[in-house]
Amino acid sequence: MLRGAALRVTRPRLAVLTAVHAHPHADTVSIFGAVRTELPEVSHQAVYDVLRALTAAGLVRRIQPSGSVARYESRVGDNHHHVVCRSCGAIADVDCAVGETPCLTASDDQGFSIDEADVTYWGICLECVPAPATS
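Criteria and thresholds
Residues numbered from 1 in each chain as written. Predicted model: local features only at pLDDT ≥ 70, side-chain atom pairs only at ≥ 80, totals over all residues. Heavy atoms only, no water. Helix = DSSP H or I, 4+ residues; strand = E, 2+ residues; numbered from the N terminus. Rg over C-alpha atoms; globule rule 2.2 N^0.38 Å. Buried < 20%, exposed > 50% of the residue type's maximum accessible area, 1.4 Å probe, protein only. Contact = heavy atoms within 4.5 Å. Core = buried A, V, L, I, M, F, W, Y, C linked by side-chain atoms within 4.5 Å. Pairing = 2+ DSSP bridges. Axes fitted to C-alpha atoms, helices over the stretch in contact; angles between N-to-C directions. Salt bridge = Lys/Arg side-chain N within 4 Å of Asp/Glu carboxyl O. Polar contact = N/O pair within 3.5 Å; in protein donor to acceptor, adjacent residues only side chain to side chain.

Provide a residue-level description of the overall build of the protein chain, including the pertinent values.
Looking only at helices and strands, one finds three helices and six strands in the protein chain. Along the chain direction, N to C, the helices and strands of the protein chain fall in the order α-β-α-α-β-β-β-β-β. Whereas a compact globule of 135 residues would reach a radius of gyration of roughly 14 Å, the protein chain reaches 18 Å, over 25% beyond that. In terms of its C-alpha atoms, the protein chain occupies a principal-axis envelope of roughly 55 × 55 × 25 Å. Split into buried and exposed, the 135 residues of the protein chain put 31% on the buried side. Here the contacts in the protein chain between residues at least 6 apart in sequence split such that 47% fall between residues at least 24 apart.

Go over the nonpolar core, please, and point to the residues and values.
In this structure, Val16, Ile31, Val35, Val47 and Leu54 are the most contacted members of the largest nonpolar core, which totals 21 residues. The set of elements that each furnish at least two residues to this core consists of helix H1 (11-22), helix H2 (28-38) and helix H3 (44-56). For this core, the element with the most residues is H1, which contributes five residues. With sequence-adjacent residues up to four places away left out, Val16 is seen in contact with Ile31, Val35, Val47, Val50, Leu51 and Leu54.

An account of the sheet that holds strand S5 (residues 91-94) is requested, with residue identities and associated values reported.
Strand order in this open sheet of three strands is S5-S4-S6, and the pairing throughout is mixed. The two strands at the open ends of the sheet, each matched to only one other strand, are S5 and strand S6 (120-123). Pairwise comparison of adjacent strand axes, ignoring direction, gives a mean angle of 25 degrees for this sheet.

Talk me through the pattern of salt bridges; I want residue IDs and the actual numbers.
Here the structure, examined in full by the defined rule, presents six salt bridges. Across the pair Arg52 and Asp49 runs a salt bridge, and its minimum N-O distance is 2.8 Å. Here Arg52 and its partner Asp49 are both found in helix H3, three residues apart, which amounts to about one turn of the helix. Judged by its relative accessible area of 38%, Asp49 is partly exposed. Through salt bridges that share partners, Arg75, Asp78, Asp93 and Asp95 make up one connected network.

Before we move on, could you go through the sheet that holds strand S2 (residues 61-63) and cite the residues and values that matter?
Reading across the sheet, the three strands line up as S1-S3-S2 and stay open at both edges, with antiparallel pairing between neighbours. Each edge of the sheet is formed by a strand with only one pairing partner; in this case those strands are strand S1 (26-27) and S2.

Give me the environment of Ser68: which residues, what numbers.
Tracing the backbone shows Ser68 in the loop between S2 and strand S3 (71-73). Counting along the chain gives 21 residues from Ser68 to Gly89, while the straight-line C-alpha distance between them is 8.0 Å. Reaching out from Ser68, the side chain makes a polar contact with the side chain of Arg71 at a distance of 3.2 Å.

Now the structure itself:
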């Protein structure tokens, strides 16, 4: 993947890419922790630099739901969306609801050539939904 994106293959890049694939929607702190288990000498700055390079190369995607820190995912190249739990902050992928990419057809595109839509659904995940009261 790295060579295909014209990036040199380095241990930190491999470790960060592996961490992002293993931990979808992880923040930089989580990614750093995962990388540190494999490369104890890696610095925070190195992880930030690698994330920036991987994002620029299109190998990972950076998302930042409102009120959240930046998170990274390996699912790139499609037009999917996210659902975020208002209670615990859990994030999950959501495919477009109907058709190929209906969200790319704006009611008024203002003359823009739209190639991506960033839709975020908000709600409460199953882990945070209160259990029904029993009588």
